[in-house]
Amino acid sequence: MKAAICYEAGKPLVVDEVTLDAPEKGEVKIRVSAVAVCHSDLHAIKGELPGKLPGVPGHEVAGYVEEIGEGVTQVKPGDPIVASCVNAGCGHCYYCNVGLRHMCTGIDMRAIFEKGGHHIDKNGTRLRPMAGPVGGFAEYTVVSQYQLAIIPDDLPMDRACLLACGVMTGFGAVHNRAQVKPMSSVIVMGAGGVGMNVIQGSAHAGAYPIIAVDIRDDKLEMAKIFGATHGINTAKEKDPVEAVRKLTSGRGADYGFLTVGSMEALRTGFNMLGRRGMFVVIGIAMGDMKDFRAGEFIGSEKILTGSMMGSTRLDIDVARYAELYQAGQLKLDELIAGHYPLDKINEAIASLDSGAVLRNIIMF
Ligand SMILES: [Zn+2]
Ligand SMILES: [Zn+2]
């Protein structure tokens, strides 16, 4: 079988023949139908995320269960699924029982990631999954049964794979973590693949205004398709914080979401909130928080928190998103820029890296 291998950070991936271990206890072999290229893959390929090389990136997978290992109860061969980095939950621990399955302590996703590496290259080197424990830039992969959600069999696979990361991360941060209220105001730092899903989630929640903040006018324009009511270009706007205040009756926004990995955007976005506002960090911003003062949390009672991949309840939410898409209430078609075969994966990656597109899909 073929896989796209990252041997050296920052270099093009190498598409080559590999072998794959059979699924062990609790594991599932997936025949990959479609996998989206995400910015987390770009970060991993560029060496900006921790992890050893060589490896196989790709973590937004839709496909079919090919074979199951011992003790697998969640899926059976032939099931259409998405495979993701989210912990579906053991169903028994404290967090699973209080409805926070993504916080499950019964399944150790870190250990699953560390174990990783079911693909083996021609030299006998074990290839690690990159940007999450999936290894999806390959014709087949092996993952834990606790990373899977079953999808309707009539959902197109190129749409379905988007549900495995970008959609759940954005939409879920709005509905599961922030629980955005109708008529409240929202700012979204970064109008990329995840940002667009925060925007459409906020529109779905009945928020107004929904203000997209980015440095590219074309993305701000695209954000309107997903429900943004206003756009602020921080590269052009002299005082973006003041601009948000003007759009929110002088108060500042009720909710803010950071979808880009920038500490500066985190600070600016937090400043854009009004009193009691909640700021949710979604994108991995590398850096420390030394320019935040304890006093500003007291005076304004603002909340700064995060959301782990949309605080997603894998089985419940993915099924929900599939229903919303089929009912015309969730935009997936508009997220897709292009389809590529695995052999042209470096073109798909370069196109995403140029900043011009939201998602490119590798089709098998
Ligand atoms: Zn992703
Ligand atoms: Zn659990």
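In this text, all values refer to a predicted model and were calculated from it rather than measured experimentally.

1. Comments concerning the coordination of the zinc ion (ligand 2)
Looking at the metal site, the zinc ion (ligand 2) is ligated by Cys90 (SG), Cys93 (SG), Cys96 (SG) and Cys104 (SG), spaced 2.3 to 2.4 Å from it. The site at the zinc ion (ligand 2) holds 4 donor atoms, and with the angles between them running 102 to 117 degrees, its shape is tetrahedral. Taken in sequence order, the residues that donate to the zinc ion (ligand 2) follow the motif C-x2-C-x2-C-x7-C. In this pair, Cys90 is assigned in the loop between strand E7 (80-83) and helix H2 (94-97) and Cys104 in the loop between H2 and helix H3 (109-115), connecting sequence segments 14 residues apart. Given a relative accessible area of 8%, Cys104 falls into the buried group.

2. A look at the packing of aromatic side chains
Given two aromatic rings, one states the distance between the centres and the angle between the planes to describe the pair. Counting across every chain of the model gives 6 aromatic pairs. Ring centres of Tyr94 and Tyr95 lie 5.1 Å apart, and the angle between their planes is 90 degrees; on these two criteria the pair is classed as edge-to-face. Residue Tyr94 is classed as exposed on the basis of its relative accessible area, which comes to 59%. Given a relative accessible area of 33%, Tyr95 falls into the partly exposed group. The interplanar angle of 75 degrees and the centroid separation of 5.3 Å between the aromatic rings of Phe171 and Tyr321 together place this pair among those described as edge-to-face. Linking Phe171 in helix H5 (residues 166-178) with Tyr321 in helix H11 (residues 314-326), this pair joins segments that are 150 residues apart in sequence. Across this residue pair, the class does not change: Phe171 and Tyr321 are buried. One aromatic cluster is present, built from ring pairs that chain together Phe270, Phe279, Phe292 and Phe297. Its end group placed over the ring of Tyr140, Lys29 keeps NZ or CZ at 4.9 Å from the ring centre. The aromatic ring of Phe292 is capped on one face by Arg267, whose charged end is 4.2 Å from the ring centroid.

About the criteria used
- Residues numbered from 1 in each chain as written.
- Chains lettered and ligands numbered in written order.
- Predicted model: local features only at pLDDT ≥ 70, side-chain atom pairs only at ≥ 80, totals over all residues.
- Heavy atoms only, no water.
- Donors = N, O, S within 2.8 Å, 3.2 Å for Na, K, Ca; no water.
- Tetrahedral: all angles 85-135°; square planar, octahedral: opposite > 155°, others 65-115°.
- Helix = DSSP H or I, 4+ residues; strand = E, 2+ residues; numbered from the N terminus.
- Buried < 20%, exposed > 50% of the residue type's maximum accessible area, 1.4 Å probe, protein only.
- Phe/Tyr/Trp six-rings, centres within 6.5 Å; stacked < 30°, edge-to-face > 60°.
- Lys NZ or Arg CZ within 6 Å of the ring centre and 35° of its normal.

In short, geometric facts, not functional conclusions.
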